[in-house]
There are 4 protein chains.
Amino acid sequence: MPGNTFGHSFRITTWGESHGSAVGVVVDGVPAGLKLSESDVQKELDRRRPGQSEVSTPRSESDTVEILSGVFEGITTGTPISMLVRNRNANPGAYDYIRNIPRPGHADLFYTEKYGFRDHRGGGRSSGRETIGRVAGGAIAKKLLMSFGIEVFAHVIELGGVKAGPVTVEDILNNVEKTVVRCADLNAAELMLEKVRLARDEGDSIGGIVEIIATGVPAGLGEPVFGKLDADIAGGLMSIGAVKGVEIGAGFECARMKGSQMNDAFVMKDGQVVPGSNNAGGVIGGLSTGLPLTCRIAVKPTPSISKSQKSVDMAAMGEIDIEIHGRHDPTIPPRMVPVAESMLALVLADHMIRSGRMNPEYLLE
Amino acid sequence: MPGNTFGHSFRITTWGESHGSAVGVVVDGVPAGLKLSESDVQKELDRRRPGQSEVSTPRSESDTVEILSGVFEGITTGTPISMLVRNRNANPGAYDYIRNIPRPGHADLFYTEKYGFRDHRGGGRSSGRETIGRVAGGAIAKKLLMSFGIEVFAHVIELGGVKAGPVTVEDILNNVEKTVVRCADLNAAELMLEKVRLARDEGDSIGGIVEIIATGVPAGLGEPVFGKLDADIAGGLMSIGAVKGVEIGAGFECARMKGSQMNDAFVMKDGQVVPGSNNAGGVIGGLSTGLPLTCRIAVKPTPSISKSQKSVDMAAMGEIDIEIHGRHDPTIPPRMVPVAESMLALVLADHMIRSGRMNPEYLLE
Amino acid sequence: MPGNTFGHSFRITTWGESHGSAVGVVVDGVPAGLKLSESDVQKELDRRRPGQSEVSTPRSESDTVEILSGVFEGITTGTPISMLVRNRNANPGAYDYIRNIPRPGHADLFYTEKYGFRDHRGGGRSSGRETIGRVAGGAIAKKLLMSFGIEVFAHVIELGGVKAGPVTVEDILNNVEKTVVRCADLNAAELMLEKVRLARDEGDSIGGIVEIIATGVPAGLGEPVFGKLDADIAGGLMSIGAVKGVEIGAGFECARMKGSQMNDAFVMKDGQVVPGSNNAGGVIGGLSTGLPLTCRIAVKPTPSISKSQKSVDMAAMGEIDIEIHGRHDPTIPPRMVPVAESMLALVLADHMIRSGRMNPEYLLE
Amino acid sequence: MPGNTFGHSFRITTWGESHGSAVGVVVDGVPAGLKLSESDVQKELDRRRPGQSEVSTPRSESDTVEILSGVFEGITTGTPISMLVRNRNANPGAYDYIRNIPRPGHADLFYTEKYGFRDHRGGGRSSGRETIGRVAGGAIAKKLLMSFGIEVFAHVIELGGVKAGPVTVEDILNNVEKTVVRCADLNAAELMLEKVRLARDEGDSIGGIVEIIATGVPAGLGEPVFGKLDADIAGGLMSIGAVKGVEIGAGFECARMKGSQMNDAFVMKDGQVVPGSNNAGGVIGGLSTGLPLTCRIAVKPTPSISKSQKSVDMAAMGEIDIEIHGRHDPTIPPRMVPVAESMLALVLADHMIRSGRMNPEYLLE
């Protein structure tokens, strides 16, 4: 069954393989009347693209986006927006040696078990390159949300065992792009970078945690009981490759809390009733509370490592040792930042329209 | 937008309020030819129903299910199965005092912000009583899966800060119903029970962690890139009230692991290529690996507590203190066990059909 | 794959068999704040129920509806509305003789080919009794639409070869319930009634055409290019049993027209640009034009007839003659009127919400 | 709400405007293992493309397709197939004169009413050029169906009032591409062609009827009660621009038939129980019967005509006369043939997978 479409009222359909001719996305449900240019999308793709720093793969791609439809005279028309990014630095031949050898931690074997065979070139569809469509679609979602005062941003809060100290929203907005590891605590960022270098030099990789925050979200978003806001967020974030856990607000810590500690008491503020604290992370009963949405994802270490690993040659049906050489990231969380932001933005744009808070057809002036 | 339907090929639509006349579910997409009786469903509802032990609310409901359609001469026909449970011990008047006072940790305020007003009787639709439809639908999913050798079960692994020790699948199957806290480590179960009593006596509540496992799942289930198996599991589990986190396999621990530790090497076993370990928790790249699916959810402490809390009287628009008396569970995880099993079973039944591994129309003999 | 749900933003899920214990519907997506009582629904069910006149089956059912959820203190809450109608006059034994004999013109054989076996009691799910859920859901859609000035009504324009003369909207509103054939041209109605009696006396049945109209529909409803308003109308109307054709506006007559005849020229009216004629039937390019929506459906003669017909005994695998005795309508179009209205109302309520013209969460005052 | 996706298990998402840079489609849900090349798609696009004969617009487009993803080494991989066709002969400036003048019979005015403004270049998204995505997706559906012995074809049976005589399936397969009007009755085709020339010379246009047939369809396809096969066919065909009516089997003629005439009696044939006639057109109760699917669509005359028509200048808000010069088809049905075939093929491919008759993941050998 088709699985490449995400969202209900604001909806993306992504396509493309790592070493095919292109990757892209169709975004359907964008309200008419939004100013949109390729540079709005390009700036987010530039944050995701490979080769930007020493913590990312050296594959060299400009990831230049072309908008093919849905925009007329610089304004969205309400019709689907198709976007295309050509793969320029594909090198499919580099993967010939793994045609019959599933890489540990990768989906190679399971694509074969599902589809009968697989496109073995760099993971094909299961490559991280698939996220270009998410980021291009997310860029439009973000621009839409901004016009309603909603801002989405993310930062690395743990990498290779190094935890960031507490940071403010301002720290995140100011600092996160100052360091290649995208950690807003600049001291921790230095230590994280050391961990990345160490892992890379060992031919190994490290995991981490990314926190994603949305501010300005109105109360009441979410569709109980299965389209709850947190359910859609969890599904969206878990759909990103390498994510193994999602938590919201106090998250797993709530298992050790009492009701009297966890509950956010209500207070009056500016004539409104609001929660006085945010252990809920901005969602209760599947509905947004009006406080910042706060979620965290666990990102596993990059499965591609040059250290020797055990696998099986499926042609010979014998166990062998494999070293994954070539181009890969020693750690994923820094490049995950724009991808995770995109998924949260896509969920929020969808729910803004679903709730009637954003007109599905055209933006009011 | 409607949010009360879950699943694509095996699909439930639930309805009903805590103190309305009934709750229920329509299950659509059940293949024809499955033997099904009310007792198949009742036995799961009995595990979820209130009043079963000292760790659950004293509300007295038999939760007797009636199957209204879709079954003919004891066999499913392929048409939708409608199931109904009457509310017998509803006591709506008991909630008059909170008509204007949102309870901390509950969705009361946010339903009002979403819909303009709310059914204040015991949480209305946001009550845990909503999960009856999930469990009734899940009972059918479980029976279907069993006929394909797939078994789903859950157990409490942490409660009020007490962690269970390591247990085997056999421990879980043998022990979990021996103790009211549904922990397979019977020593830990004793300590957990003490924590529950203590919290109850203090007028407080405690949180915990539930682990859900599915064995016998074939490799290759899941629909990349947005209908990945883990994405659907995360969305389904997070849609249960009180869940604040979901993790799969190593989960959040993967943030502290290296690729060489996290990757599950491939080995030959019985002529098959399989992962030799299960840090992935049975899913890689969004596809099942053939190893047991292993997920955990963080369950917050029951928000209804009799300890005094701050809230606001929305009629007077003034802050007040509130004590939630009446019938509620001092802790949720033990009763969450059949609910969480149901959500995982629903996702798996859906993906079995979506993948073509289970005929959507009738069961082959 | 599940097929018992209709609509996107206003959505019904129907269930139930002709001779099971009950039939019903869950309506999800009804905005909060609508006044709703069982009598709003009952009055539409009364128009559909059997036994109301000599042109309908003598099966005696009061079709009394019970609203089980989603309404609190007489107002919709935004949560799903579950409605139940018990089958009182079921007589499953009366169908034993056709357990192995598919009735010509019925779905009996094809349900068996799809599901491996079938509920043979009066057609099971393929019975016209299935439309109770449509009408109950449609009653809510109609009430919603009325609050936006949209009215939906239908009338029989051809029956047994007798065509009604031209009628006005007022004729329809005034006359259609005055005659058991539901034709607004009262002279034609008399002739139609004669045709029904004649067919019934011959043990035969007759077909006809129903026209469905919606007034007050704003311009711009519809979601190009696959969710066009006329596409959704055609799909909805064709999903009703016995319908073999759907046309809109000039319909099949447009095949004989020239562009200069078919095109509706634009004129100024009350300061608005509108089509000066309505050959389009209120939809162009899949979008409503602001003029009355006008569609017609071809309804085949009732397949159950007492005249002898050829069929096959599937136990003996031999050809036999069969006479369908018992309770059935000699013609369907008069009872189709409320069903067809319901389907159009469901499509329009859905599109009103999808377009942002009706708030999906609560009605503005 | 997004409307550019069609199908559930076999699903297309189309995009693009008439005078934008490109048009295209993403096809999701194609089983892995199908041989597919651009020429499979191109041959169908060539049947649809403009400029092929005197009955089509002179706009010169090669409509060359590029497959961007989802095919590896000539075989589909199970991942989404993205296809792109560049617009080469766009001439947006030619439409400046209608920027403020809605063309009668076109959607111009209603797009403006829906979205607040419109892409006025040749109809933008409401252009017939939008059907390229349908035909490209339909080409894949057809190829899939062929491997299961299902063939879909269409022919013009009425044009400008000229009706074709009865033809056999062989006539259609042999003759339909022999004449530019795509009528299998070659004598009638001559008369039709005269009608087209006459209309064109008058600056007018003519309508017609297209019949679409599918042979080899197994019994039991369709998902009662809303995803019935005929409901999905009706919705799919009515979603094509210019279609004003859909009928199946006896269609509107059934209104004049008796049950004893309309019912298809069952007979034994080759050891199978089958309908002995096909008034049903291959669908009863929403399920395929195993006999040929037979549907007809009414196609209105091209709305673009050079004869003078009344419209309104929306800048000046005054009524004016308008003549639509430039490139347009004098009649649509001949070019509708491959489009209508595509929609039927898409519905059938979808239902083959939904029913379990075609593996959703990979083709069995």
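If you're wondering where the values come from, they're calculated on a predicted model, not measured in any experiment.

Caption draft 1: Representation of the overall build of chain A. Tallying secondary structure elements over chain A gives eight helices and 18 strands in all. Taken against the 2.2 N^0.38 rule, which gives 21 Å for 365 residues, the C-alpha radius of gyration of chain A at 21 Å falls within 12% of a compact globule. Across the 365 residues of chain A, 68% fall into the buried class. The long-range share in chain A, meaning contacts at least 24 apart out of those at least 6 apart in sequence, stands at 70%. With the model as given, the accessible surface of chain A reaches about 11,000 Å², and the carbon-plus-sulfur share is 50%. Put simply, chain A has 38 plus and 44 minus side-chain charges, and the middle of one group is 2 Å from the middle of the other.

Caption draft 2: How the structure looks around the sheet that holds strand β4 (residues 65-67) of chain B. Residue and element names in this part refer to chain B. Spatially, the five strands line up as an open sheet ordered β1-β2-β3-β7-β4, and their pairing is antiparallel. At either end of the open sheet lies a strand with only one pairing partner, and these are β1 (5-6) and β4. Where strand β2 (residues 11-16) lies against strand β3 (residues 22-28), six bridges are found, and the strand directions are antiparallel. If you follow R11 over to β3, its bridge partner there is D28. Most of the contacts of helix α3 (residues 131-146) go to β3, to which it runs at about 35°, and overall it touches β2, β3 and β7 (81-86).

Caption draft 3: Fine view of the side chain of B:R11. Relative to the helices and strands, B:R11 resides in strand β2. Polar side-chain contacts of B:R11 include one of 3.3 Å to the backbone oxygen of B:G7. In contact with B:R11, other than residues within four places in its own chain, are B:T5, B:F6, B:V26, B:V27, B:D28, C:P2 and C:T5.

Caption draft 4: Looking closely at the pattern of salt bridges. If you walk through the whole model with that rule in mind, you get 139 salt bridges over all chains. Connected through salt bridges with shared partners, the residues A:E44, A:R47, A:K142, A:E177, A:R182 and A:E341 form a single ionic network.

Caption draft 5: Layout of the interface of chain A and chain D. With 51 residues of chain A at the interface, the matching set in chain D holds 51 residues. Between chain A and chain D, the buried area comes to about 3,900 Å², and carbon and sulfur atoms account for 57% of it. Ranking the residues of chain A by area buried against chain D places A:P2, A:F72 and A:Y115 at the top, with a combined share of 17%. If you look at where chain A meets chain D, you find six salt bridges. Ionic pairing is found between A:E361 and D:K114, a salt bridge with its closest N-O pair at 2.3 Å. Along the contact surface separating chain A from chain D lie 16 residue pairs in polar contact (both at pLDDT 80 or more). Looking at the side of chain A that touches chain D, the elements with two or more residues in it are β2 (11-16), β3 (22-28), β4 (65-67), β6 (75-76), β7 (81-86) and α2 (108-115) of chain A. Per-class residue counts for the side of chain A that touches chain D are 17 nonpolar, 20 polar and 14 charged.

Caption draft 6: Geometry of the pairing of strand β18 (residues 318-322) of chain D. All names here are of chain D. Note that strand β17 (residues 309-313) and β18 share five bridges and pair antiparallel. Note that in β18 the partner of Q309 across the bridge is I322. Once β17 ends, the chain turns through four residues before running back antiparallel as β18, passing M317 with a positive phi of about 55°.

Caption draft 7: Highlighting the relation of the copies chain B and chain A. Its rotation angle being 180°, the transformation that places chain B on chain A also includes 0.0 Å of axial translation and leaves an RMSD of 0.0 Å. These values place the two chain copies in the arrangement generated by a two-fold rotation axis. Taking C-alpha positions as reference, the residue of chain B nearest the rotation axis is B:G235, located at 2.1 Å. Here 100% of the contact residues of chain B are again contact residues in chain A; the copies associate through an equivalent surface.

Caption draft 8: Structural context of the relation of the copies chain A and chain D. When chain A is fitted onto chain D, the two copies agree to an RMSD of 0.0 Å after a turn of 180° and an axial shift of 0.0 Å. Both copies present the same face, since 100% of the interface residues in chain A are matched by interface residues at the equivalent positions in chain D.

Caption draft 9: The environment of B:R256, seen in detail. Looking at where B:R256 falls in the secondary structure, it is placed in the loop between β11 (243-248) and α7 (259-262). As a C-alpha pair, B:R256 and B:A280 span 24 residues in sequence and 14 Å in three-dimensional space. Excluding residues that lie within four positions of it along the chain, B:R256 makes contacts with A:E158, A:G161, A:K163, A:I209 and B:Q261. Among the polar contacts listed, one links the side chain of B:R256 to the side chain of A:E158, at a separation of 2.6 Å.

Caption draft 10: Focus on the packing of aromatic side chains. Tallied over the entire structure, the rule returns 14 aromatic pairs over all chains. Where C:F6 meets D:F226, the ring centres are 5.3 Å apart and the plane angle is 40°; that geometry is what we call tilted. On the criterion of chain membership, the pair formed by C:F6 in strand β1 (residues 5-6) and D:F226 in the loop between β10 (208-215) and α6 (229-238) is interchain, its members lying in two chains. Of the two residues, C:F6 and D:F226, neither departs from the other in class, the shared state being buried. Relative to D:Y115, the ring of D:Y111 lies with its centre 5.7 Å away and its plane at 50°, an arrangement referred to as tilted. Of this pair, D:Y111 and D:Y115 both sit in helix α2 (residues 108-115), four residues apart, roughly one helical turn. Side by side, D:Y111 and D:Y115 carry an identical accessibility label, which is buried.

Caption draft 11: Quick peek at the sheet that holds strand β7 (residues 81-86) of chain C. Residues and elements named next belong to chain C. Overall, antiparallel pairing links the five strands, which are arranged β1-β2-β3-β7-β4 in an open sheet. Strands at the two margins of the open sheet, each flanked by one partner only, are β1 and β4 (65-67). Docked against the sheet, helix α3 (residues 131-146) engages β2 (11-16), β3 (22-28) and β7, running at close to 35° with respect to β3.

Caption draft 12: The arrangement of unusual backbone geometry in detail. Following B:P224, the chain continues to B:V225 via a peptide bond in cis, the omega torsion being 5°. Mapped onto the elements, B:V225 comes out in the loop between β10 (208-215) and α6 (229-238). The backbone of B:A242 shows a phi angle near 80°, a positive value even though the residue is not glycine. Tracing the backbone shows B:A242 in the loop between α6 and β11. One non-glycine residue, D:D270, lies in the positive phi region at around 50°. Position of D:D270 among the secondary structure elements: in the loop between β12 (266-269) and β13 (272-275).

Caption draft 13: Quick look at the confidence of the model for chain A. In the predicted model, chain A carries a mean pLDDT of 95, and the fraction of residues at 70 or more is 99%. This complex was scored by the predictor with a pTM of 0.98 and an ipTM of 0.98.

Criteria and cut-off values
Residues numbered from 1 in each chain as written. Chains lettered and ligands numbered in written order. Predicted model: local features only at pLDDT ≥ 70, side-chain atom pairs only at ≥ 80, totals over all residues. Heavy atoms only, no water. Helix = DSSP H or I, 4+ residues; strand = E, 2+ residues; numbered from the N terminus. Rg over C-alpha atoms; globule rule 2.2 N^0.38 Å. Buried < 20%, exposed > 50% of the residue type's maximum accessible area, 1.4 Å probe, protein only. Contact = heavy atoms within 4.5 Å. Areas by Shrake-Rupley, 256 points an atom, 1.4 Å probe, with all protein chains shown as cover. Lys, Arg positive; Asp, Glu negative; His and termini not counted. Charge placed at Lys NZ, Arg CZ, Asp CG, Glu CD. Pairing = 2+ DSSP bridges. Axes fitted to C-alpha atoms, helices over the stretch in contact; angles between N-to-C directions. Polar contact = N/O pair within 3.5 Å; in protein donor to acceptor, adjacent residues only side chain to side chain. Salt bridge = Lys/Arg side-chain N within 4 Å of Asp/Glu carboxyl O. Buried area = accessible area lost by both parts, 1.4 Å probe. Nonpolar A, V, L, I, M, F, W, Y, C, P; charged D, E, K, R; others polar. Least-squares fit on C-alpha atoms with pLDDT ≥ 70 in both. Phe/Tyr/Trp six-rings, centres within 6.5 Å; stacked < 30°, edge-to-face > 60°. pLDDT = per-residue confidence, 0-100.

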